[in-house]
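# Breakdown of the fold
Each chain, letter by letter, is given below.
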Amino acid sequence: QVQLVESGGGLVQAGGSLRLSCAASGRTFSTYAMGWFRQAPGKEREFVAGINTSGGSTYYADSVKGRFTISRDNAKNTVYLQMNSLKPEDTAVYYCAAATRPYVRSASAYRYWGQGTQVTVSS
């Protein structure tokens, strides 16, 4: 069992930056690939970024590639999402999630989920 708690969301102007954190409980954090998803009102939850267990491999949605960076610190049981050059269309609730295998982008492949943190980008 892994419990995930996101933080770092907020209101930011277009062009600004935010850093999301996701703290995990339990001793097995390093055995899970991690991902960030987002869900805007009236839209389906979509994959944003993922990272393998060691942190040596990352993968992104085309919409955020070059602007967002996912990283993890296994010693701190934490995964991060650095978001730069934010756009109004990035406004959504952001969720972190844990999967038993890497390189998956489907939400159904992720076993554990956080409660989400709101990111709002004003124009």
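Residues numbered from 1 in each chain as written. Predicted model: local features only at pLDDT ≥ 70, side-chain atom pairs only at ≥ 80, totals over all residues. Heavy atoms only, no water.

## Topic: the overall build of the chain
Along its length, the chain carries zero helices and eleven strands. By the compact-globule yardstick of 14 Å for 123 residues, the chain fits well, its C-alpha radius of gyration being 13 Å. For the chain, the spread of C-alpha atoms along the three principal axes comes to 40 × 25 × 25 Å. In the chain, buried positions account for 47% of the 123 residues. Taken as a whole, the chain presents about 6100 Å² of accessible surface, with 46% of it coming from carbon and sulfur. (Helix = DSSP H or I, 4+ residues; strand = E, 2+ residues; numbered from the N terminus. Rg over C-alpha atoms; globule rule 2.2 N^0.38 Å. Buried < 20%, exposed > 50% of the residue type's maximum accessible area, 1.4 Å probe, protein only. Areas by Shrake-Rupley, 256 points an atom, 1.4 Å probe, with all protein chains shown as cover.)

## Focus on the state of the cysteines
Across all of its chains, the model carries one disulfide by this definition. The side chain of C22 participates in a disulfide bridge whose partner is C96; the two sulfur atoms lie 1.9 Å from each other. Between C22 and C96, the disulfide has an S-S torsion of 45 degrees and is therefore right-handed. Remark: C96 occurs in strand 9 (residues 92-99) and C22 occurs in strand 3 (residues 18-24); sequence separation between them is 74 residues. (Disulfide = S-S within 2.5 Å.)

## A word on unusual backbone geometry
The phi angle at N77 is positive, at roughly 55 degrees, despite the residue not being glycine. Tracing the backbone through its elements, the reader meets N77 in the loop between strand 7 (68-73) and strand 8 (78-83). Even without a glycine there, the phi angle at Y103 is positive, about 65 degrees. Assignment of secondary structure puts Y103 in the loop between strand 9 and strand 10 (110-113).

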